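# Geometric and topological summary
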Amino acid sequence: MSLFHFFLVLIINLAWGFNFLAAKTALDYFPPFLVLLLRFFLLFIILIPFLKIPKSKIIDISVLAFISSVMYFSLNFIGLKLAGELTSPAIATQLFIPIGAILAFIFLSEKVNFKTFFSILIAFLGVMILSFDETVFDNIESLILISISSIPMAITTILMRKLKGVNTFQIQAWTGLIAIFPYIFLTLIFEKNQWNLLLAAPIEPVLSIVYSVIAASLIGHGLLYFLLSRYQVSIVNPLLLMSPVFASAFGVFFREDSLSILLIVGGSMTLFGVLLISIGSKNKSV
């Protein structure tokens, strides 16, 4: 990988790492479904010019968009709302990689050798260790929800392997469109005082949502698509593991999160297991 492309990887990791802080800042003020409604509505408005796709792709991309935007993000953001710190959510989110390997074995008949099985075991043992940290244990629902959210995320990655003929901005435009109406329904049913919260909102949570759309979605995913069109997944994925490290550092610096030995050991085990799986991946992403 060239120095310039590695610099792009660093930008992606910084954008995604800081996005955990941005999302948590927004969730400290707004309820999760309202945050997601605002995020996906803004994403849709920006990417309206990219809505045009081949008619043969509409069903496939709609299913992918619903699983990603509604099933994954709803669970993930409720979990992040409940979290007491940023380290465990950032690390647990990476479970989509070992879960993806399991689903690929079941549904795509991809081989899982002993190294991959051992790596999956290490990753899940790491999350179990994370759960014994006092801060995490006090908010164990957060870790459970974020871990479960890795399942729809893993399904999304499998579906994307089969999706040809569309680019990342087309996928994100449809993701924004598909997400709007479910989140209107969810926030109206399960949340309240939305209008008052919007009128009285301080600048920090508003800017956090804008950051998530611009930096995490448009820039982060846009650069990732650019890199995956030039390098194998097995080269790019391990480099993306810097994002939870940055997220943890931002949590310590901006939120005064504390890093216990259980967070460090459990987090290191999970990231190491994910790293081994990523290095062993031979699939080419498009």
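The structure this text deals with has already been given above.
Quick notes on the rules
- In this convention, every chain numbers its residues from 1, walking through the sequence in written order.
- For this predicted model, a pLDDT threshold of at least 70 governs which residues receive local features, and a threshold of 80 or more governs which side-chain atom pairs are given and counted, while totals over whole chains, interfaces and linings are taken from all residues.
- Calculated side-chain values reflect all of the structure's heavy atoms, with hydrogen atoms and water omitted.
- Working convention: axes come from line fits to C-alpha atoms, limited for helices to the stretch in contact. Angles between N-to-C directions cover 0 to 180 degrees.
- Secondary structure is summarised from DSSP: a helix means a run of H or I of at least four residues, a strand means a run of E of at least two, and numbering begins at the N terminus for each.
- Angles are sorted into four bins: roughly parallel if under 35 degrees, roughly antiparallel if over 145, roughly perpendicular if 65 to 115, and oblique for all others.
- Each helix crossing is assigned a hand: it is left-handed if the near helix lies turned anticlockwise from the far helix by less than a right angle, otherwise right-handed if that turn is clockwise.
- Working rule for contacts: check all heavy atoms of both residues, and any pair within 4.5 Å makes them a contact.
- For this scheme, ten residues count as nonpolar: Ala, Val, Leu, Ile, Met, Phe, Trp, Tyr, Cys and Pro. Four count as charged, namely Asp, Glu, Lys and Arg, and the remainder, Gly too, count as polar.
- Joining through side-chain atoms within 4.5 Å is the link that ties buried Ala, Val, Leu, Ile, Met, Phe, Trp, Tyr and Cys residues into a set, and such a set is a nonpolar core.
- Only protein chains enter the area calculation, which uses a 1.4 Å probe; residues under 20% of their type maximum are buried, those over 50% are exposed, and those in between are partly exposed.
- Whether two aromatic rings pair depends on their centres lying within 6.5 Å, for rings of Phe, Tyr and Trp, where Trp uses its six-membered ring; planes under 30 degrees apart make the pair stacked, over 60 edge-to-face, and the rest tilted.

## Topic: the packing of helix α5 (residues 96-107) against helix α6 (residues 114-130)
Two elements in contact, α5 and α6, have axes whose closest approach is 9 Å; the angle formed by their N-to-C orientations is 140 degrees. The angle between α5 and α6 falls in the class oblique. As α5 runs across α6, the sense of the crossing is left-handed. Every residue of α6 that contacts α5 at Pro-98, Ile-99, Ala-101 and Ile-102 is listed here: Thr-116, Ile-120, Ala-123 and Phe-124. Partitioning the contact of α5 with α6 into residue classes produces 7 nonpolar, 1 polar and no charged.

## Re the nonpolar core
One recurring pattern in soluble globular proteins is that nonpolar side chains are buried together. Core analysis: the largest hydrophobic core is formed by 29 residues, its most contacted members being Val-35, Leu-36, Phe-40, Leu-43, Phe-73, Phe-77 and Tyr-183. Mapped onto this core, the elements with two or more residues apiece are α1 (3-27), α2 (32-46), α3 (58-82), α9 (168-190) and α11 (203-228). Examining the composition of this core, we find that 8 residues originate from one element, α2, more than from any other. Membership of the second largest hydrophobic core comes to 15 residues, among which are Ala-92, Ile-97, Ala-123 and Leu-241.

## A short note on the packing of aromatic side chains
This structure, assessed with the given rule, holds 14 aromatic pairs. Ring geometry for Phe-18 against Phe-250: centres 5.2 Å apart, planes inclined by 80 degrees, an arrangement best described as edge-to-face. You can see Phe-18 sitting in helix α1 and its partner Phe-250 sitting in helix α13 (residues 242-255), a full 232 residues away along the chain. Judged by relative accessible area, which is 28%, Phe-18 ranks as partly exposed. Assessed through its relative accessible area of 17%, Phe-250 is described here as buried.

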